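Observations on chain architecture
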Amino acid sequence: MRRVVITGIGIVSPLANGTEATWERLIAGKSGAGPIDLFDTKDVPCKIAFQVPWNDGRGGGADDPHAFDPDKAASSKERRRIDEFILYALAAADECVEDSGWKPETDHDKERTGVLIGSGIGGLQSIYDTAITLHTQGARRVSPFFIPSALINLASGQVSIRHGFKGPNHSVVTACATGAHAIGDSARLIKYGDADVMLAGGAEAVICEIGIAGFCAAKAMSTNFNDTPEKASRPYDKDRDGFVMGEGAAVVMLEEYEHAKARGAKIYAEVAGYGLTGDAYHITAPAEGSEGGYRAMKMALGHSGLDVADIDYVNTHGTSTPKGDEGEVGAVERLFGDHAKNLSLSSTKSAVGHLLGAAGAIESAFCALAIRDQVMPPTLNLDNPSVDTPIDLIPHKAKKGKVRAAMSNSFGFGGTNACLILKQAD
Amino acid sequence: MSDVFERVKKIVVENLDVEGDKVVETASFIDDLGADSLDLVELVMAFEEEFNIEIPDDVQENIRTVGDAVTHIKAHVS
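Residues numbered from 1 in each chain as written. Chains lettered and ligands numbered in written order. Predicted model: local features only at pLDDT ≥ 70, side-chain atom pairs only at ≥ 80, totals over all residues. Heavy atoms only, no water.

Comments concerning the overall build of chain B
Scanning chain B from N- to C-terminus turns up four helices and zero strands. Secondary structure elements in chain B, listed N-terminal to C-terminal, are α-α-α-α. Relative to a compact globule of 78 residues, whose C-alpha radius of gyration would be 12 Å, chain B shows 11 Å and is just as compact. The principal-axis extents of the C-alpha atoms in chain B amount to approximately 30 × 25 × 20 Å. Counting over 78 residues, chain B shows a buried share of 45%. Long-range pairs, those at least 24 residues apart, make up 53% of the contacts in chain B with a sequence separation of at least 6. Accessible surface for chain B amounts to roughly 4300 Å². Of this, 46% is attributable to carbon and sulfur atoms. The centroid of the 6 positive side-chain charges in chain B is displaced by 7 Å from the centroid of its 20 negative side-chain charges. (Helix = DSSP H or I, 4+ residues; strand = E, 2+ residues; numbered from the N terminus. Rg over C-alpha atoms; globule rule 2.2 N^0.38 Å. Buried < 20%, exposed > 50% of the residue type's maximum accessible area, 1.4 Å probe, protein only. Contact = heavy atoms within 4.5 Å. Areas by Shrake-Rupley, 256 points an atom, 1.4 Å probe, with all protein chains shown as cover. Lys, Arg positive; Asp, Glu negative; His and termini not counted. Charge placed at Lys NZ, Arg CZ, Asp CG, Glu CD.)

Next up, the structure:
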């Protein structure tokens, strides 16, 4: 069986633009939360989010040396043709390609390199803006770039056009499990032999009025911490009251092991296992006891050939919603049994928010970095745990310790679950 | 109407992200200014808005150069 390893990472996150800056701030216990400055929040009950810091001051990026620079990601002409989720995907892909050192030049190498970047929602702001234009000015004023700016698979399309990757060009749309499915499915494409290299991940940019209003209407978002945004995302804490939205993109370069070794590539980790299941239960609520999540973890473990005792860290879905968090911890305990007491677990959504379709990708990237640096990121704001568990939930501060293998969980609306297991590559 | 060319030029520079000195009457949107068919549709929409005119689809197909656009706009702006 062909093995698949991670040889590059690119991240645009609410903590910073760039993988290393994001990781450094995550391990330092920083939060990327703040008041929403993208629209007037007077009519929505949630007024906070994890925005990407921009160098024009947006999202608190004014004096940040690691703020996102849109001009570096795409020209002004390109930017008019793409929604912001694609802009973030292009930026993360650029960094990932650079980091991996894989820049195919022959037809063969280009045809063996594919792209699979998903998004949970896609170009929601573009759809909103165009609906307004249609309503006020009529159909003749609808831009020819509207559809290609909003389509979810255009993240993969734009990245492939920029880099000349002619292998499988695909996309995933599974709400908050998108990023994990993108990486897991890409690994399978490589294992099956359809490609040797895949740029895989997720992108999201829906901190807009219609996006926030929609999730608020579904009673999924935090509303009690509008005056203290950094305290709002608090997985496993008694005072948690909903998720806080994030935005950005994360992509990883997946590569067949021998291919990576042959070119002397830097290897972060191996994609050891992948599991995916459905709850068949409810459109927004997770199944009791995270039953579907449990089966996804079990499937991933089975494919990995690892024993639970080989896994040291779990990056949970942990959205900070009252319903989801405890069920997932219970499912992890059930799977790990007696080993649970040796396990560490955290939800990095406490620091970067919920990146929806990019969540599984950024959290898998964090698992790869945890394996590289042998350090586990913390769960911020965990003052009073609502769960009684032998698992170390890594409250407040990052934890140094051996990370031989790490698991990343992602569960999405519709009852879709994905689990990835990464391990040290020998 | 002497400023029609300058107004067209401004729109072309903004939409196509090109240097102003390349926007001359003989310049072809596609061959010289890097536009594709979608850019052309957007450009025509911008001309319609700027000059408050309607450019029918069959006329749009004949607008290939900056000069074509200026000529058409001058003929339809009273």
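Focus: the interface of chain B and chain A
Contacts between chain B and chain A engage 17 residues on the former and 12 residues on the latter. Carbon and sulfur atoms supply 40% of the area that chain B and chain A bury against each other, a total of about 1200 Å² over both sides. Interface area lost by chain B to chain A is led by Leu38, Glu42 and Met45 of chain B, which between them contribute 38%. Counting across the interface, chain B meets chain A through seven salt bridges. In this structure, the salt-bridge partner of glutamate 49 of chain B is arginine 141 of chain A, at a minimum N-O distance of 3.3 Å. Applying the counting criterion to the chain B and chain A interface returns nine residue pairs in polar contact (both at pLDDT 80 or more). (Buried area = accessible area lost by both parts, 1.4 Å probe. Salt bridge = Lys/Arg side-chain N within 4 Å of Asp/Glu carboxyl O. Polar contact = N/O pair within 3.5 Å; in protein donor to acceptor, adjacent residues only side chain to side chain.)

Observations concerning the sheet that holds strand β14 (residues 416–423) of chain A
Residue and element names in this part refer to chain A. Pairing within the open sheet is mixed, and its 10 strands lie in the order β5-β4-β6-β7-β1-β8-β14-β13-β9-β10. Unpaired on one side and paired on the other, β5 (169–170) and β10 (344–346) mark the two borders of the sheet. Relative to the sheet, helix α4 (residues 84–100) contacts β1 (4–12), β4 (113–118), β6 (197–204) and β7 (248–256), its axis offset from that of β1 by approximately 130 degrees. (Pairing = 2+ DSSP bridges. Axes fitted to C-alpha atoms, helices over the stretch in contact; angles between N-to-C directions.)

A short note on the UniProt feature "domain: Ketosynthase family 3 (KS3)" (unreviewed entry) in chain A
Feature annotation in UniProt assigns "domain: Ketosynthase family 3 (KS3)" (unreviewed entry) to the following positions: residues 1–424 of chain A. Structurally, residues 1–424 of chain A comprises 34% helix and 17% strand, and the distance from its first C-alpha atom to its last is 18 Å. (UniProt positions renumbered as here; feature names shortened; annotations may be inferred.)

Concerning helix α12 (residues 291–304) of chain A
Residue and element names in this part refer to chain A. Helix length check: α12 (14 residues) gives 20 Å between terminal C-alpha atoms against 20 Å at 1.5 Å per residue, within 8%. The set of residues buried in α12 consists of Gly292, Gly293, Tyr294, Ala296, Met297, Ala300, Leu301 and Ser304. On its buried face, α12 sits against β8 (269–278), α13 (324–336), β13 (405–412) and β14. After α12 finishes, the residue glycine 305 shows a positive phi value of roughly 70 degrees. (Expected span 1.5 Å × (residues − 1).)

Quick look at the pairing of β1 of chain A
Residue and element names in this part refer to chain A. Among the nine residues that make up β1, nine are buried, leaving the element largely enclosed by the rest of the structure. Sheet topology places β1 next to β7; eight bridges connect them, and they run antiparallel. Across the sheet, residue valine 12 finds its bridge partner in β7, namely alanine 249.

A word on the packing of aromatic side chains
Centre-to-centre distance and the angle between the planes together describe a pair of aromatic rings. All names here are of chain A. Within the structure shown, the criterion is met by six aromatic pairs over all chains. Between phenylalanine 215 and phenylalanine 243, the ring centres sit 5.3 Å apart and the planes meet at 85 degrees, which makes this aromatic pair edge-to-face. On the criterion of sequence distance, the pair formed by phenylalanine 215 in helix α10 (residues 209–217) and phenylalanine 243 in the loop between α10 and β7 is long-range, its members being 28 residues apart. Note on phenylalanine 215: relative accessible area 12%, which makes it buried. Judged by relative accessible area, phenylalanine 243 falls into the buried class, the value being 4%. Taken together, Trp54, Phe68 and Tyr88 form an aromatic cluster joined through their ring pairs. Lying across the ring of tryptophan 54, arginine 58 places its NZ or CZ 3.9 Å from the centre. A cation over a ring is seen here: arginine 334 above tyrosine 294, with NZ or CZ 3.7 Å from the ring centre. (Phe/Tyr/Trp six-rings, centres within 6.5 Å; stacked < 30°, edge-to-face > 60°. Lys NZ or Arg CZ within 6 Å of the ring centre and 35° of its normal.)

Considerations on the environment of threonine 133 of chain A
All names here are of chain A. Relative to the assigned elements, threonine 133 resides in helix α6 (residues 124–137). With 10 residues separating them in the primary sequence, threonine 133 and serine 143 have C-alpha atoms 9.3 Å apart. The residues contacting threonine 133, other than those within four sequence positions of it, are Gly138 and Arg141.

Description of the confidence of the model for chain B
Residue and element names in this part refer to chain B. On average, residues of chain B score 92 in pLDDT, and 96% of them are at 70 or above. Within chain B, helix α1 (residues 4–16) carries the highest mean pLDDT (95), whereas helix α3 (residues 57–60) carries the lowest (88). In the predicted complex, the global pTM is 0.96; the interface-specific ipTM is 0.88. (pLDDT = per-residue confidence, 0-100.)

Some thoughts on the nonpolar core
Residue and element names in this part refer to chain A. Counting 50 residues, the largest nonpolar core has Ile6, Ile9, Leu254, Val271, Phe366 and Leu422 as its most contacted members. For this core, the element with the highest residue contribution is helix α15 (residues 359–373), accounting for 10 residues. In terms of nonpolar packing, the next biggest core, distinct from the first, is built from 32 residues, Ala91, Val115, Leu154 and Val251 among them. (Core = buried A, V, L, I, M, F, W, Y, C linked by side-chain atoms within 4.5 Å.)

Some words on the environment of proline 35 of chain A
Residues and elements named next belong to chain A. Locating proline 35 in the fold gives a position in strand β2 (residues 34–35). Judged by its relative accessible area of 59%, proline 35 falls in the exposed class. Note: C-alpha distance between proline 35 and proline 229 (194 residues apart in sequence) is 6.6 Å. Sequence-distant contacts of proline 35, that is, excluding residues within four places in its chain, are made with Lys47, Ile48, Gln51 and Pro229.

Observations regarding the state of the cysteines
Residue and element names in this part refer to chain A. What the rule picks out here adds up to zero disulfides over all chains. A disulfide-free cysteine, cysteine 208 has its sulfur positioned 12 Å from the sulfur of cysteine 216, the nearest such atom. The buried category is assigned to cysteine 208, whose relative accessible area is 4%. Unpaired in terms of disulfides, cysteine 216 finds its nearest cysteine sulfur in cysteine 46, a separation of 5.1 Å. Accessibility expressed as a relative area gives 9% for cysteine 216, which makes it buried. (Disulfide = S-S within 2.5 Å.)

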